[in-house]
Amino acid sequence: MRVWVPLDAAAKALGADEVAAALAGEFTVTRNGTRGMIWLEPLVEVERDGVRHGYGPVEAGDVAGLVDALRTGADHPLALGPVEELPWMKAQQRLTFARVGITDPLSVEEYQAHGGLDGLRRAIGIGPEAIVADVTESGLRGRGGAGFPTGIKWKTVAGAPAPRKYIVCNADEGDSGSFADRMIMEGDPLVLIEGLAIAGIAVGAVQGYVYCRSEYPDSIRVLEAAIGKARQAGILGQSVLGSGYAFDMEVRVGAGAYVCGEETSLLNSLEGKRGTVRAKPPIPALEGFLGRPTVVNNLISLATVPWILAHGGAEYAKLGIGRSKGTIPIQISGNVKHGGLFEAPFGMTLRQIIEEIGGGSASGRPVKAAQVGGPLGAYVPHWNFDVPFGYEELGARDALLGHAGITVFDDSADMLKLARFAMEFCAVESCGKCTPCRIGSVRGVETIDRIASGDEDGIPILKDLCNTMKWGSLCALGGFAPFPVMSALTHFPDDFSGRSEPRKEAAE
């Protein structure tokens, strides 16, 4: 009997290794990626008549009883039924994450059996210009937060004359409440490898790099092992799948500076320099890594490319809303009952995501707000939750989609303290190159502390400071820090006024 136990870092943090070790003496255990239902981890899956049945959350102490139930066919209190029939799974439309949690992440054979390499084979057949046209037609945009059209970036690099070009995958997933990149690297690394190979063929690059943070040791280990498997299978090397196109790649590990999620800081770090922001122009598409034309794409963007090439850009463009095409991996966390990753087409409302999919707050209290797009994303108040989940739709509400992470807060949250955290975060993580970010964030913390002490004269100063940071900062770190601050101040002014008296938490 074959049993699956996730090797995903979130599942391991909840005891998956101990469960796998206890089951290994009884069954053949395959370590897969997580299905994304974190509240059910560790999730043990067993195949019966071709259908995967789930049990969870399983602790090591549950294994003896579970083994007996599996051998005898008896009922078990942790039985969940067919995993694909669970409401969380049935409501999704998984394209990028189609294999995550299903296949052995390091099995090239299983990868191909579930549609892997179909996109690469078609890409080889149609050639570079047609690849770029297909990606452009799909409407795929950067999934790291900026939302820049991927096809335009590829076309720029493809048309740039240079003796050497590069593909750089930005896997420096530093946003709190974001874990989609990690889930791909640990659960389906071969789709990322395939995506980079397609990008290389499209623009004429023969070398790629995945820039990952040192805080992801499991991701690094699995991805490096997958690269070795891909070389053995001929997916990487001097002739990709015997096509004559050369492409290889490697993993580079950063020290975990948040600012290295910004593409030019990342490139400096990749070159062995200090991770500071570069002024633009020139753009990386023309002068990037080592001064050569470089595609810098987020991991999810590159991992989505194989599906687009396998099924066609037009099919991908049919999904979504407005200029937000295709699907988006929504990462739900914070004070929420059902946290995890949920992939669906753009267009669901925040209310659907938080209340229906997420199940509302874990505390049972009313939801007050949700921060969308990471630690520098705006706080969307509960009365605006009917906004559709899309780039322009959120932008019209002065919010950011970012990396599609959503952190939920109930009505006990102190929005002034959350605003202060944003400024302090910016101060700690600033590379120090530009004055608005380096000095503005420090003054922001001081000003919010002044307001917290009861001096409301600090409020107009804080607003003016945010305006300076937003328009004067060199990169998005300083430019986006005002979003959580101003959204908290705009939507929840009571949390910033009357602070001379100690604030009584709603929970009291």
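What you see is a predicted model; the values in this text were computed from it and never measured.

Cut-offs used in this document
Residues numbered from 1 in each chain as written. Predicted model: local features only at pLDDT ≥ 70, side-chain atom pairs only at ≥ 80, totals over all residues. Heavy atoms only, no water. Axes fitted to C-alpha atoms, helices over the stretch in contact; angles between N-to-C directions. Helix = DSSP H or I, 4+ residues; strand = E, 2+ residues; numbered from the N terminus. Parallel < 35°, antiparallel > 145°, perpendicular 65-115°, else oblique. Left-handed = near helix turned anticlockwise from the far one by under 90°. Contact = heavy atoms within 4.5 Å. Nonpolar A, V, L, I, M, F, W, Y, C, P; charged D, E, K, R; others polar. Buried < 20%, exposed > 50% of the residue type's maximum accessible area, 1.4 Å probe, protein only. Pairing = 2+ DSSP bridges. 1 Å grid on protein atoms, 1.4 Å probe; cavity = no way out; pocket = protein on both sides within 12 Å on 5 of 7 lines; lining within 4 Å. Points joined across faces, edges and corners; volume = space filled by probe spheres on them. Polar contact = N/O pair within 3.5 Å; in protein donor to acceptor, adjacent residues only side chain to side chain. pLDDT = per-residue confidence, 0-100. Phe/Tyr/Trp six-rings, centres within 6.5 Å; stacked < 30°, edge-to-face > 60°. Lys NZ or Arg CZ within 6 Å of the ring centre and 35° of its normal. Core = buried A, V, L, I, M, F, W, Y, C linked by side-chain atoms within 4.5 Å. Expected span 1.5 Å × (residues − 1).

J.: Describe in detail the packing of helix H7 (residues 128–138) against helix H10 (residues 189–203), supporting the description with residues and values.
T.: Packed helix pairs are characterised by how far apart their axes lie and by the angle those axes make with each other. The interhelical angle for the contact between H7 and H10, taken along N-to-C directions, is 120 degrees, at an axis separation of 7 Å. With respect to H10, the element H7 is oriented oblique. Taken as a pair, H7 and H10 cross one another with a handedness that is left-handed. Counting all contacts with H7, which are made through Pro 128, Ile 131 and Val 132, the residues of H10 involved are Ile 198, Ile 201 and Ala 202. The residue makeup of the contact of H7 with H10, split by class, is six nonpolar, no polar and no charged.

J.: Please set out the pairing of strand S14 (residues 367–372) residue by residue, giving values where relevant.
T.: S14 sits mainly inside the fold: six of its six residues count as buried. Examined bridge by bridge, S14 and strand S16 (residues 405–410) share five bridges and lie antiparallel to one another. When the sheet's bridge partners are listed, Gln 371 is paired in S16 with Thr 407. As defined by bridge partners, S14 adjoins strand S15 (residues 379–381) across three bridges and the pair is classed as antiparallel. By the bridge assignment for S15, Ala 369 is matched with Pro 381. Where S14 folds back onto S15 in an antiparallel hairpin, the turn is made up of six residues, including Gly 373, whose phi is positive at roughly 95 degrees.

J.: Describe the layout of surface pockets, with residues and values.
T.: In this model, the largest pocket occupies a volume close to 1,300 Å³. Lining the largest pocket are 49 residues, and of these Gly 144, Gly 145, Ala 146, Gly 261 and Ala 476 sit closest to its centre. Put simply, the parts of the chain that give the lining of the largest pocket at least two residues each are helix H8 (150–159), strand S9 (294–298), helix H16 (391–395) and helix H20 (476–480). Looking at side-chain class alone, the lining of the largest pocket contains 21 nonpolar, 16 polar and 12 charged residues. Volume-wise, the second largest pocket comes out at about 290 Å³. For the second largest pocket, the lining is made up of 18 residues, of which Asp 398, Pro 482, Phe 483, Met 486 and Ser 487 are closest to its centre. Elements supplying a minimum of two residues to the lining of the second largest pocket: S15, helix H19 (458–472) and helix H21 (482–491).

J.: Outline the side chain of Lys 368, supporting the account with residue identities and numerical values.
T.: Relative to the helices and strands, Lys 368 resides in strand S14. By relative accessible area, Lys 368 is classed as buried at 10%. A polar contact of 2.8 Å, which involves the side chain of Lys 368, links it to the backbone oxygen of Ala 413.

J.: Summarise the confidence of the model for the protein; cite the residues concerned and give the values.
T.: Here the protein averages 92 in pLDDT, and 98% of its residues register 70 or above. The low-confidence segment residues 502–508, where pLDDT is below 50, has 13 contacts with residues more than four positions distant or belonging to other chains.

J.: Outline the packing of aromatic side chains, supporting the account with residue identities and numerical values.
T.: This model, assessed by the stated rule, comprises 10 aromatic pairs. Judged by centre distance (5.6 Å) and plane angle (40 degrees), the ring pair of Phe 346 and Tyr 391 falls under tilted. Note that Phe 346 is positioned in the loop between strand S13 (340–345) and helix H15 (350–357) and Tyr 391 in helix H16, a separation of 45 residues in sequence. The class of Tyr 391 is buried, set by a relative accessible area of 9%. Counting every residue linked through ring pairs, the aromatic cluster contains Trp 39, Trp 88 and Phe 342. The ring of Trp 4 carries Arg 52 above its face, with NZ or CZ at 3.7 Å from the centroid. Its guanidinium or amino end placed over the ring of Tyr 391, Arg 141 lies 4.2 Å from that ring's centre, counting from NZ or CZ.

J.: I'd like a description of the sheet that holds strand S3 (residues 44–48), backed by residues and values.
T.: Across the sheet, which stays open at both edges, the five strands sit in the order S2-S1-S3-S4-S5 with mixed pairing between neighbours. Only two strands of the sheet have a single neighbouring strand rather than two, namely strand S2 (28–32) and strand S5 (79–82). Geometrically, the sheet is characterised by an average inter-axis angle of 25 degrees between neighbouring strands, direction not taken into account. On top of the sheet, helix H2 (residues 16–24) reaches strand S1 (2–6), S2 and S3; it is set at about 160 degrees to S2, its chief contact.

J.: Give me the lowdown on the side chain of Thr 349, citing residues and values where you can.
T.: Within the secondary structure, Thr 349 sits in the loop between S13 and H15. On the accessibility criterion, Thr 349 (16% relative accessible area) is buried. Setting aside anything within four residues of it in sequence, one finds Thr 349 in contact with Phe 385, Asp 386, Val 387 and Pro 388.

J.: Could you give an account of the nonpolar core, with specific residues and numbers?
T.: Generally speaking, soluble globular proteins have nonpolar side chains that are buried together. Counting 61 residues, the largest nonpolar core has Trp 154, Ile 184, Leu 192, Ile 193, Leu 196 and Leu 299 as its most contacted members. Here the element with the most residues in this core is H10; it accounts for 11 residues.

J.: So what's going on with H10? Which residues, and what values?
T.: Across its 15 residues, H10 extends 22 Å between first and last C-alpha, which sits within 8% of the 21 Å expected from 1.5 Å per residue. At the C-terminal side of H10, Gly 204 shows a positive phi close to 85 degrees.

J.: Would you mind going over the environment of Leu 23 in detail, with residue names and values included?
T.: The topology assignment puts Leu 23 in helix H2. When the C-alpha atoms of Leu 23 and Val 63 are compared, they prove to be 6.7 Å apart, with 40 residues separating the residues in sequence. Apart from residues lying up to four places away in sequence, Leu 23 is in contact with Val 3, Val 5, Val 29, Val 44, Val 63 and Val 67.

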